[in-house]
Amino acid sequence: MLPQEAIPAGPAVLRLPVEGDADQIARACADPDIARFIPFLPSPYSRDDALAWITKTVPEMWENGGAGFVAADPVTDEILGTAGLKPPDRFGASEVGYWLAPWARGRGVATAAVRTLAERAFARGVPRIGLLADVENVGSQQVALRCGFAYEGVLRGPALPGAAPPATSPRSGG
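This write-up is about the structure you can find in this document. All residue numbers refer to positions counted from 1 along the written sequence of the respective chain. Residues qualify for local features only when their pLDDT is at least 70, as the model is predicted, and side-chain atom pairs are given and counted only at 80 or more; totals for whole chains, interfaces and linings, by contrast, use all residues. Think of the side-chain values as coming from all heavy atoms in the structure, minus any hydrogens and water.

1. Observations regarding helix H5 (residues 138-146)
Then, in step 1: Relative accessibility under 20% of the residue-type maximum defines a buried residue, over 50% an exposed one, and the middle range a partly exposed one, all with a 1.4 Å probe and only protein chains included. Each helix corresponds to a stretch of at least 4 residues labelled H or I by DSSP, and each strand to a stretch of at least 2 residues labelled E; elements are numbered beginning at the N terminus. Among the residues of H5, those classed as buried are Ser140, Val143 and Ala144. All buried residues of H5 project into a common sector of 100° when viewed along the axis, lining one side.
Then, in step 2: Should any heavy atoms of two residues lie within 4.5 Å, those residues are considered in contact. In this fold, the buried residues of H5 make contact with strand S5 (94-100), helix H4 (109-123) and strand S6 (129-132).
Then, in step 3: Just downstream of H5 lies Gly148, where phi reads positive at about 95°. As used here, the arc belongs to the directions running from the helix axis to the C-beta atoms.

Written out as structure tokens, the structure reads:
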């Protein structure tokens, strides 16, 4: 879907994660809001979980046509978050996902990362990109709106074990 190269994205650079990022990723994922709004992430999130994401999950995303990046500070290379695109479905559509470390919020990082990934995917022929945001995650909903996603409704279904009501997440599509 996208080339595996660093991509400038406003206040961040999107790049492939490396094993040296594991401690920073684990530290960021210790944030209660990440655990609250991304219920499928292990909690507590360990360095081993970060290494598994870096060495297994991200390569599988790429192998299946998706994309997985860390958002890093372009000067210090500090991990600010992650952003990626799920592999396309049978219609060629994808879904964007991301999280931000607490120290990176409010700086436009998520908006720039999502907008950059969406623009590049659309330029490569992806016909539709969805974004799921928990109804209580106002920050993520604001990112979606700033990136041009439109509110389409409430996704209902069985909740994941230990999940904070993801079954009531709105789906936006651009």
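2. Describing the pairing of S5
Then, in step 1: Of all the seven residues making up S5, six are buried; the element is thus mostly covered by neighbouring parts of the structure.
Then, in step 2: Strand pairing follows a simple DSSP-based rule, namely that at least 2 bridges must link the two strands. Pairing of strand S4 (residues 79-85) with S5 involves five bridges; the strand directions are antiparallel. For Gly81, the partnering residue across the bridge sits in S5 and is Leu100.
Then, in step 3: Where S5 lies against S6, three bridges are found, and the strand directions are parallel. Across the sheet, the residue bridging to Val96 is Leu131, located in S6.
Then, in step 4: With the strands aimed away from the viewer, a crossover counts as right-handed if its path from the first strand over the helix to the second runs clockwise. Each parallel crossover has a hand, and for S5 linked through H4 to S6 it is right-handed.

3. Observations regarding the nonpolar core
Then, in step 1: Buried residues of nine kinds, namely Ala, Val, Leu, Ile, Met, Phe, Trp, Tyr and Cys, make up a nonpolar core once their side-chain atoms join them within 4.5 Å. Core analysis: the biggest nonpolar cluster contains 50 residues, and Leu14 and Ile25 have the highest contact counts within it.
Then, in step 2: If you tally residues by element for this core, the top one is H4, at eight residues.
Then, in step 3: When sequence neighbours within four positions are dropped, the list of residues in contact with Ile25 reads Tyr45, Ala50, Trp53, Ile54, Val70, Ile79 and Trp99.

4. Structural notes on the packing of aromatic side chains
Then, in step 1: Note on aromatic pairs: the rings of Phe, Tyr and Trp (six-membered ring only in Trp) are paired at centre separations within 6.5 Å, and the planes decide the class, stacked below 30 degrees, edge-to-face beyond 60, tilted for the rest. For the coordinates displayed, the defined rule picks out one aromatic pair.
Then, in step 2: Judged by centre distance (5.4 Å) and plane angle (85°), the rings of Trp62 and Phe69 are edge-to-face.
Then, in step 3: Using a relative accessible area of 0% as the deciding quantity, one classes Phe69 as buried.
Then, in step 4: In this scheme, Lys NZ or Arg CZ marks a charge over a ring once it lies within 6 Å of the ring centre and within 35 degrees of the ring normal. Seen from the ring of Trp103, Arg27 lies directly overhead, with NZ or CZ sitting 3.9 Å from the centre.

5. Details of the packing of helix H1 (residues 22-29) against helix H3 (residues 47-63)
How two helices pack is summed up by the angle between their axes together with the distance between the axes.
Then, in step 1: Two elements in contact, H1 and H3, have axes separated by 8 Å at closest approach and are oriented at 115°. In this structure, the crossing between H1 and H3 has a hand that is right-handed. Residues Ala22, Asp23, Ile25 and Ala26 of H1 lie in contact with H3, whose contacting residues are Arg47, Ala50, Leu51, Trp53 and Ile54. What counts as an axis is a line fitted to C-alpha atoms, over the stretch in contact for a helix, and the angles between N-to-C directions run from 0 to 180 degrees. A crossing counts as left-handed when the near helix is turned anticlockwise from the far one by less than a right angle, and as right-handed when that turn is clockwise.

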